[in-house]
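Residue-level structure breakdown
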Amino acid sequence: MYRNVLCLVLGLIVGIQLTEFWGYLTFTTDEYESTAIAVDTAAPTLPLKVSLADWLHHETRVLCLVLTMPKDHATKAAKVKATWGSRCNKLIFLSSQDDAELGAVNLNVTENRSNLYTKMRAGLAYVYKHYVEDYDWFLKADDDTYVIMENLRYFLYPYDPEAPVYFGYRFRTSYPHGYMSGGAGYVLSRDALRRFNLFALNSTKFCPLNSRPEDRQIGYCLLNVGVVAGDTRDDMGRDRFLPLNPRHLMPQLQPGTWLDKTFYFKMNYSDCCSDTSISFHYSKTHDFDLYEYFLYKIRVLGQPEITYALPKRLDGKQMDQKLEYWSAQNSDNPEKL
Ligand SMILES: *[C@@H]1O[C@H](CO)[C@@H](O)[C@H](O)[C@H]1NC(C)=O
Ligand SMILES: *[C@@H]1O[C@H](CO)[C@@H](O)[C@H](O)[C@H]1NC(C)=O
Ligand SMILES: *[C@@H]1O[C@H](CO)[C@@H](O)[C@H](O)[C@H]1NC(C)=O
Ligand SMILES: *[C@@H]1O[C@H](CO)[C@@H](O)[C@H](O)[C@H]1NC(C)=O
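Keep in mind that what you see is a predicted model, and the values were worked out from it rather than measured.

All right, on to the sheet that holds strand 11 (residues 241–242) then. Strand order in the open sheet formed by three strands is 5-12-11, and the pairing between neighbours is mixed. In this open sheet, the two strands that pair with only one neighbour each are strand 5 (146–147) and strand 11. Inspection of the sheet shows strand 11 paired to strand 12 (residues 279–280) by two bridges, in the parallel sense. The partner of Leu242 across the bridge, within strand 12, is Phe280.

This part covers the pairing of strand 9 (residues 186–189). The two faces of strand 9 match: Tyr186 and Leu188 on one face and Val187 and Ser189 on the other face are all buried. The sheet contact formed by strand 6 (residues 165–167) and strand 9 spans two bridges and is antiparallel. Each residue of the ladder has a partner; that of Phe167, found in strand 9, is Val187.

If you walk across this open sheet you meet the seven strands as 3-2-1-4-9-6-10, and the pairing is mixed. With one partner strand each, in any of the chains shown, strand 3 (104–106) and strand 10 (228–229) form the two edges of the open sheet. Pairing geometry for strand 1 (residues 62–67) and strand 4 (residues 137–142), over six bridges, is parallel. Following the sheet pairing, Leu63 is matched in strand 4 by Phe138. Those strands touched by helix 7 (residues 214–224) are strand 1, strand 4, strand 6 and strand 9, and its axis lies near 25° from that of strand 9.

Moving on, we come to the confidence of the model for the chain. Looking at the chain, pLDDT values average 88 and 85% of them are 70 or higher. Under a pLDDT of 50 for its full length, residues 5–41 has, in the predicted model, 28 contacts with residues more than four places off or in other chains.

On to the packing of aromatic side chains, then. Applying the stated criterion across every chain, the model contains 18 aromatic pairs. Here a set of aromatic residues connected by ring pairs shows up, and it is made of Trp137, Phe155, Tyr159, Phe167 and Trp326. Its guanidinium or amino end placed over the ring of Tyr264, Arg170 lies 4.0 Å from that ring's centre, counting from NZ or CZ.

The next subject is a nonpolar patch on the surface. Together, Leu290, Tyr293, Phe294 and Ile298 make up an exposed nonpolar region whose accessible area comes to about 380 Å². Within the secondary structure, Phe294 is located in helix 10 (residues 285–297). Phe294 gets classed as exposed once you look at its relative accessible area, which sits at 53%.

This paragraph deals with the site of ligand 4. All residues adjacent to ligand 4 are Met236, Arg238, Asn268, Ser270 and Asp271. Separating an oxygen atom of ligand 4 from a backbone N or O atom of Met236 is a distance of 3.1 Å. Between Asn268 and ligand 4, the recorded distance is 2.4 Å, taken from a side-chain N or O atom to an oxygen atom. For ligand 4, whose unbound accessible area comes to 360 Å², protein coverage reaches 44%. The class makeup of the residues in the shell around ligand 4 is one nonpolar, two polar and two charged.

A few words on the state of the cysteines. With the rule as written, the count across this model stands at three disulfides. In this model, Cys207 is linked to Cys221 through a disulfide, with the two sulfur atoms separated by 2.1 Å. Measuring handedness by torsion sign, the sulfur bridge of Cys207 and Cys221 sits at about 80° and is right-handed. A residue pair is termed long-range when its members are at least 10 positions apart, and Cys207 in the loop between helix 6 (190–200) and helix 7 and Cys221 in helix 7 qualify at 14 residues. Under the relative-accessibility criterion, Cys207 is labelled buried at 2%. Two residues, Cys272 and Cys273, share a disulfide whose sulfurs are 2.1 Å apart. Here the S-S torsion is close to -85°, and the disulfide linking Cys272 with Cys273 is therefore left-handed.

Here we come to the pattern of salt bridges. Considering all chains together, one arrives at 20 salt bridges under this definition. Here Glu59 makes a salt bridge to Arg313, at a shortest N to O gap of 3.2 Å. Highlighted residues: Glu59 in helix 2 (residues 52–59) and Arg313 in the loop between helix 10 and helix 11 (316–328), separated in sequence by 254 residues. Its relative accessible area of 40% is what places Arg313 among the partly exposed residues. Note that Asp287 is salt-bridged to Arg247, the shortest N-O span being 3.0 Å. In this pair, Asp287 is assigned in helix 10 and Arg247 in helix 8 (residues 246–249), connecting sequence segments 40 residues apart.

What follows covers the packing of helix 4 (residues 116–131) against helix 7. Where helix 4 contacts helix 7, the two axes come as close as 8 Å, and the packing angle between them is 50°. With respect to helix 7, the element helix 4 is oriented oblique. As for how helix 4 packs across helix 7, the hand of that crossing is right-handed. Residue-level inspection shows Leu116, Tyr117, Met120 and Leu124 of helix 4 in contact with helix 7, the latter providing Glu214, Gln217, Ile218 and Cys221. A class-by-class count of the residues in the contact of helix 4 with helix 7 yields six nonpolar, one polar and one charged.

Attention now goes to the environment of Ala125. Looking at the secondary structure, you find Ala125 in helix 4. With relative accessibility at 27%, the residue Ala125 sits in the partly exposed group. Residues Ala125 and Leu107, spaced 18 residues apart in sequence, show a C-alpha to C-alpha distance of 9.9 Å.

Scoring rules and cut-offs
- For every chain, the first residue of the written sequence is number 1, and numbering continues from 1 along that sequence.
- Both sets of labels track the order of writing: A upward for chains, 1 upward for ligands.
- Totals for whole chains, interfaces and linings use every residue, but because this is a predicted model, local features are given only for residues with pLDDT of at least 70 and side-chain atom pairs only at 80 or more, for both listing and counting.
- Based on all heavy atoms of the structure, the side-chain values leave hydrogens and waters out of the count.
- The pairing criterion is simple: DSSP has to find at least two bridges between the two strands.
- Numbering of helices and strands starts at the N terminus; helices are DSSP runs of H or I of at least 4 residues and strands are runs of E of at least 2.
- Only protein chains enter the area calculation, which uses a 1.4 Å probe; residues under 20% of their type maximum are buried, those over 50% are exposed, and those in between are partly exposed.
- It only takes one pair of heavy atoms within 4.5 Å for two residues to be counted as in contact.
- Interaxial angle, 0 to 180 degrees, is taken between N-to-C directions of lines fitted to C-alpha atoms, where a helix line uses only the stretch in contact.
- Here pLDDT means the predictor's own confidence in every residue, given as a number from 0 to 100.
- Pairing of aromatic rings covers Phe, Tyr and Trp, the last counted by its six-membered ring, and requires centre-to-centre distances within 6.5 Å; plane angles under 30 degrees mean stacked, over 60 mean edge-to-face, and any other angle means tilted.
- Only when the NZ of Lys or the CZ of Arg is both within 6 Å of the ring centre and within 35 degrees of the ring normal is a charge said to sit over the ring.
- Without a salt bridge and with relative accessible area above 30%, a residue can belong to a patch; like charges are then joined within 9 Å and nonpolar side chains (Val, Leu, Ile, Met, Phe, Trp, Tyr) within 5 Å.
- For accessible areas, the Shrake-Rupley method is used with a probe of radius 1.4 Å. Any residue's cover is judged against the shown protein chains and nothing else.
- Salt bridges are counted wherever a side-chain nitrogen of Lys or Arg sits within 4 Å of a carboxyl oxygen of Asp or Glu.
- Here a residue is considered near a molecule or strand provided that any single heavy atom belonging to it is located within 4 Å of it.
- For the purposes of these results, a polar contact is taken to be a pair of N or O atoms within 3.5 Å, where, inside protein, one atom must be able to donate a hydrogen and its partner to accept one; residues adjacent in sequence count only when each atom of the pair is a side-chain atom.
- Gly is placed with the polar residues, together with every amino acid not listed as nonpolar (Ala, Val, Leu, Ile, Met, Phe, Trp, Tyr, Cys and Pro) or charged (Asp, Glu, Lys and Arg).
- Count a disulfide wherever a pair of cysteine sulfur atoms falls within 2.5 Å.
- Note on terminology: angles under 35 degrees are roughly parallel, angles over 145 are roughly antiparallel, angles of 65 to 115 are roughly perpendicular, and the others are oblique.
- Each crossing gets its hand from how the near helix is turned against the far one by less than a right angle, where anticlockwise is left-handed and clockwise is right-handed.

As C-alpha cells, then:
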C-alpha cells in the first residue's frame, strides 16, 4: 500500500520534470527558428518562421555540378545526392554514362584522369546550353567534396552574379593570379560561365586543349577571358573553401606539406578554418555521415542563439571596386613555381 503511494508520487514527480523539460526543449526550438532571420535593416525583412537558409535558397540559386564516373554512381555520387547535393537548387552529375535516377549526364568523354579537363569543358558547355539563365552561380565539386550549401549562399549573397568572378581555394601556379582547387570546389558567376563558353571554348589561344590538370586549366581559361579570382577568406584570414579534410587541418596544417608549398594566400595556422566554412575535400563516404550529424542533427543544449545578419548586397560601383581589389592581390608565397 505504502509502496503504491510512493510509486504514484515518484511517477508524478518524474512526469512533471519531463513536462518541464519538454517545455524547455520546445521553447528553445521556437526561439531558434524565429530569430534566425535577417536583422540588417538594409536587407529585406523576412517573414517570421522563415529561416535565413530557406530564404537564401530562393534568393541565391546555385546549380551544382559534381564530377563522377559510372563506377561511383551507386556509392560516392549517391552519397552526395543523399546529403549536401540535395540542398543545391539543381544537381547534375558529370559522367560518361546517363543515369536518370541519379541525375547523371553522359558527356561522351572517355574516363581517364588525363581527360578530366576535357570532361569539365564539356560539362560547362552542357550547363551553359541548358541552364545559364536559370541559376545565379555554378558550383563545380568532386564526388569526395563535402559542401555546406547554406554557408556557400551566405558567402555569395552580397555579390552580383553578373560580375565576371569565381571563388574557391586558391593555389599558385606558373601563371599569375593562380587558380581554384578543383577538389575544394569552385563556383562561377553566371557571367563567368557565359564568358567561358563564348570566348574561351572557341579559342585555342585563351583556352588550349591538353591533358593537364582540370582545375589549373579551367583557371587559365577563366583568367584569359577576364574572370577575376575572388578572395574567400574571412576577416581573420581563415579559409572557407578547404582543399583538405578537417583531419588534415586540425589541430593544424603541418608545415612542409604540399599545401604549404602551393597556397596562394597563407593559411591562418593558429585557426585554419572559418566559422562559416563552405567545403572540405578528401571526404570519405563515412565522413559525409559524420558531417551531417554534427552540422544538421546534433543540438548543444543551452548554447546562446546565433543570429547572423544578412550581409548587404554590393551595388555596381562597390562590386567593381571589389573586382579591382581582388585582381590586384598578390600571393603571400613569394616562391616561384
Ligand atoms: C553524347 O552522345 C549522344 C549520342 O551521340 C548524344 O545523344 C548526347 O546528346 C551526347 N551528350 C552530350 C552531353 O552532348
Ligand atoms: C589515359 O590517358 C593516358 C595518357 O593520355 C594514356 O596513356 C592511357 O592509356 C589512358 N588510359 C585509358 C584507360 O584509356
Ligand atoms: C569566339 O566567339 C566569340 C563570340 O561569338 C567571338 O567574338 C570570337 O571572335 C570567337 N573567337 C575565335 C577565336 O573564334
Ligand atoms: C587567425 O585567427 C585568429 C582567430 O582565431 C585571429 O585572432 C588571428 O588574428 C588570425 N591570424 C591572422 C594572421 O589573421
